[in-house]
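# A look at the structure
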Amino acid sequence: MDLAGVAREAFGGGRRLAGVERLRGGSKKGVHRLLFEDGGTAVAYVWSAAENHWPGADEPADDADPLAHASGVALFGAAHRRLTALGVRTPRVHLLDGSRTRFPADVAVVEDVTGLGGENLEALLERDPRAAAPVLARLADTLRVLGEHRAPSWGKLALLDNGGVSKGSSPAQLVLDRALADLAEAAGRDDRIATARGRLADGLHTRAAAVAPRGGGYGLVHGELGPDHVLVDAAGEPVLIDIEGLMHFDAEWEHVFLRIRFGDHYPSLGGTEGLDRHRLDLYGLAIRLSLVAGPLRLLDGDFPHRAMMREIAEYNLVAALALVE
């Protein structure tokens with residue numbers, strides 16, 4: 001990918017690119033810091049099969065499945081427009097190009113929120129929890145804004161904005177079906193899951209049977225909102241990144257993931273008041289299984305940070321088994 005050409009398209013010829021630094025993360029896209037001769041920086045996202053480490057990355061994405069992998073400039077653009085309209089901070093956009101005419105991949109150039117030496121919320125929580133407290137409070141406000149922005153249907157924004165309809169009879173049924181598929185896949189890769197497969201399947205079905213239909217629409221959820229997906233800008237504001245999966249869905253799906261990733265800091269984000277206990281129970285087991293099957297699947301490919309993926313799979317495998325003891 002000619003990132004110098006991408007930089008020229010974003011900023012014109014007045015800024016000369018001095019270098020490029022690949023940033024860690026991005027299993028479905030390449031993330032690169034652009035370093036300019038004037039000392040400024042920006043971040044380039046590249047969505048291409050070469051930058052996507054998931055098996056089957058060259059197959060067309062099924063955007064009608066809310067739980068399918070979210071990748072590409074169309075999903076990013078729809079999410080960015082909606083968040084901006086709601087006043088939710090996300091990196092400012094300098095360029096969006098999904099034409100595949102000027103460049104061989106979908107690309108975006110966005111504000112480098114943290115710049116050289118900056119940090120995300122995960123790093124700030126580890127370094128100085130007291131300094132992170134007001135950021136968590138502002139993130140809780142952001143979650144309330146997202147939760148109150150409701151739609152009558154569930155699904156990814158780009159699909160719904162274009163009049164599309166998502167698969168499935170309900171979010172809970174979608175989650176159950178995906179969890180059973182994740183269970184089958186994980187059982188083929190780890191003997192401990194295979195041994196407990198019957199208990200885990202029973203646990204999923206029992207939890208799903210307790211979920212009652214709901215009305216009132218569906219708020220916005222990020223889908224993978226861990227502290228590593230929240231940057232902290234110079235004003236101490238939380239800035240959401242990896243937003244391609246933004247969708248209207250059950251808030252319980254978001255909150256289970258938040259509880260897992262934020263741990264002891266989760267109560268600062270508002271807790272589970274007003275959420276449905278049965279959905280939390282179903283989604284809790286389902287997400288644990290997803291965090292086993294997904295990393296194991298990723299290890300089939302060439303994802304570089306392999307030890308980290310093994311640790312994620314192992315941690316969630318133990319947690320999933322504990323839920324059905």
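Because the structure is predicted, anything quoted here is derived from the model rather than measured. (Residues numbered from 1 in each chain as written. Predicted model: local features only at pLDDT ≥ 70, side-chain atom pairs only at ≥ 80, totals over all residues. Heavy atoms only, no water.)

### Let's talk about helix H9 (residues 251-262)
Heads up, the rule is: A helix here means a DSSP run of H or I that spans at least four residues, while a strand means a run of E at least two residues long, and both kinds are numbered starting from the N terminus. The span one expects for a helix is its residue count, reduced by one, times 1.5 Å. Any two residues whose heavy atoms approach within 4.5 Å at even a single point are treated as in contact.
In this model H9 runs 16 Å from its N-terminal to its C-terminal C-alpha over 12 residues, within 8% of the 16 Å that 1.5 Å per residue would give. Check the buried side of H9 and you find it contacts helix H3 (121-127), helix H4 (129-148), helix H6 (171-187), strand E7 (219-221), strand E10 (247-249) and helix H10 (277-298). Backbone geometry just downstream of H9 places Gly-263 in the positive-phi region, at approximately 55°.

### Some details on the environment of Val-221
With respect to the helices and strands, the residue Val-221 is situated in strand E7. Between the C-alpha atoms of Val-221 and Asp-250, which are 29 residues apart in sequence, the distance is 7.7 Å. Not counting residues up to four positions away in its chain, the partners in contact with Val-221 are Gly-245, Leu-246, Met-247, Phe-249, Asp-250, Ala-251 and Glu-254.

### Section: the sheet that holds strand E5 (residues 106-111)
Applicable threshold: Here, a strand pair is defined by DSSP locating no fewer than two bridges between the strands. Lines fitted to C-alpha atoms define the axes, with helix axes restricted to the stretch in contact, and inter-axis angles between N-to-C directions lie between 0 and 180 degrees.
One open sheet accounts for 5 strands, arranged E1-E2-E3-E5-E4; its pairing is antiparallel. With partners counted over all chains shown, the strands left at the sheet margins are strand E1 (17-22) and strand E4 (93-97), one partner each. With strand direction ignored, the average angle separating the axes of adjacent strands in the sheet is 20°. Set on the sheet, helix H2 (residues 73-85) makes contact with strand E3 (41-47), E4 and E5; between it and E4 the angle comes to about 140°.

### Points about the sheet that holds E7
Taken together, the 3 strands give an open sheet; going across it, the order is E6-E10-E7, and neighbouring strands pair in antiparallel fashion. Every other strand in the sheet has two partners, leaving strand E6 (155-156) and E7 as the edge strands with one partner each. Note: E6 against E10, 2 bridges, orientation antiparallel. When the bridges of E10 are listed, Gly-155 appears paired with His-248.

### Some words on the packing of H9 against H10
In plain terms, the rule: Should an angle fall under 35 degrees it is called roughly parallel, over 145 degrees roughly antiparallel, and 65 to 115 degrees roughly perpendicular, with every other angle called oblique. Handedness of each helix crossing follows the sense of rotation of the near helix against the far helix: counterclockwise by less than a right angle gives left-handed, clockwise gives right-handed. All residues other than Ala, Val, Leu, Ile, Met, Phe, Trp, Tyr, Cys, Pro, Asp, Glu, Lys and Arg, Gly among them, are scored as polar; the first ten of these are nonpolar and the last four charged.
Axis separation between H9 and H10 bottoms out at 9 Å; the angle between their running directions is 60°. With respect to each other, H9 and H10 are oriented oblique. Every pair of crossing elements has a handedness; the one defined by H9 and H10 is right-handed. Residues Glu-252, Trp-253, Val-256, Phe-257, Arg-259 and Ile-260 of H9 lie in contact with H10, whose contacting residues are Arg-279, Leu-280, Tyr-283, Gly-284, Ile-287, Arg-288 and Leu-291. In the contact of H9 with H10, the residues fall into 8 nonpolar, 1 polar and 4 charged.

### A word on the layout of surface pockets
Note the following rule: For each structure, a 1 Å grid was placed over the protein atoms alone; sets of points admitting a 1.4 Å probe that cannot get out are labelled cavities, open sets with protein on both sides within 12 Å along at least five of seven lines are labelled pockets, and lining residues have an atom within 4 Å of a point. Grid points are joined across faces, edges and corners, and a volume is the space filled by probe spheres set on the points.
In this model, the second largest pocket occupies a volume close to 460 Å³. Residue lining of the second largest pocket: 25 residues in total, with Leu-143, Gly-147, Ala-251, His-255 and Leu-275 positioned closest to the centre. A total of 6 residues in the lining of the second largest pocket trace back to one element, the largest contributor, which is H4. Here the residues of the lining of the second largest pocket sort into 10 nonpolar, 7 polar and 8 charged.

### Quick look at the pairing of strand E2 (residues 30-36)
Consecutive residues of a regular strand have side chains that alternate between opposite faces of the sheet. Note the following rule: Between buried and exposed lies partly exposed: a residue is buried under 20% and exposed over 50% of the maximum accessible area for its type, with that area taken using a 1.4 Å probe on protein chains only.
Of all 7 residues in E2, 6 are buried; the element is thus mostly enclosed. In this sheet, E2 lies alongside E1 in antiparallel orientation, the contact comprising 5 bridges. Each residue of the ladder has a partner; that of Glu-21, found in E2, is Arg-33. Of the pairings in the sheet, the one linking E2 to E3 comprises 6 bridges and is antiparallel in character. Among the inter-strand pairings, Leu-34 is bridged to a residue of E3, identified as Ala-42. Taken together, E2 and the strand that follows it, E3, pair antiparallel across an intervening segment of 4 residues, in which Gly-39 is found at a positive phi of about 95°.

### A look at the packing of H10 against helix H11 (residues 306-323)
To describe two helices that pack against each other, one gives the angle between their axes and the distance between the axes. Put simply, H10 and H11 touch, their axes get as near as 8 Å, and they point 150° apart. When the axes of H10 and H11 are compared, the pair comes out roughly antiparallel. Here H10 runs over H11; the crossing is left-handed. Only Met-309, Ile-312, Ala-313, Tyr-315, Asn-316, Leu-317, Ala-319, Ala-320 and Leu-323 of H11 make contact with H10, whose side of the interface consists of Gly-284, Leu-285, Arg-288, Leu-289, Leu-291, Val-292, Pro-295, Leu-296 and Leu-298. Counted by class, the contact of H10 with H11 contains 15 nonpolar, 2 polar and 1 charged residues.

### Some points on helix H1 (residues 3-11)
Defined as follows: Definition of a polar contact: a pair of N or O atoms within 3.5 Å, with one able to donate and the other able to accept a hydrogen when the atoms are protein atoms, and with sequence-neighbouring residues admitted only if both atoms are side-chain atoms.
Regarding H1, the residues found buried are Leu-3, Gly-5, Val-6, Ala-7 and Ala-10. Lining the buried residues of H1 we find E1, E2, E3, E4 and E5. Capping the start of H1, Asp-2 holds a side-chain oxygen 3.3 Å from the backbone nitrogen of Ala-4, two or three residues further along. One or two positions beyond H1, positive phi appears at Gly-12, with a value near 80°.

### So, the nonpolar core
For the record, the criterion: Buried residues of nine kinds, namely Ala, Val, Leu, Ile, Met, Phe, Trp, Tyr and Cys, make up a nonpolar core once their side-chain atoms join them within 4.5 Å.
Val-175, Ile-193, Leu-200, Leu-204, Phe-249, Trp-253 and Leu-282 are the most contacted members of the largest nonpolar core, which has 44 residues in total. Listed by contribution, the elements that provide at least two residues to this core are H6, helix H8 (197-209), E10, H9, H10 and H11. When residues of this core are assigned to their parent elements, the largest contribution, 12 residues, is made by H10. Residues within four places of Trp-253 in sequence aside, it is in contact with Leu-67, Val-175, Gly-223, Met-247, Tyr-283 and Ile-287.

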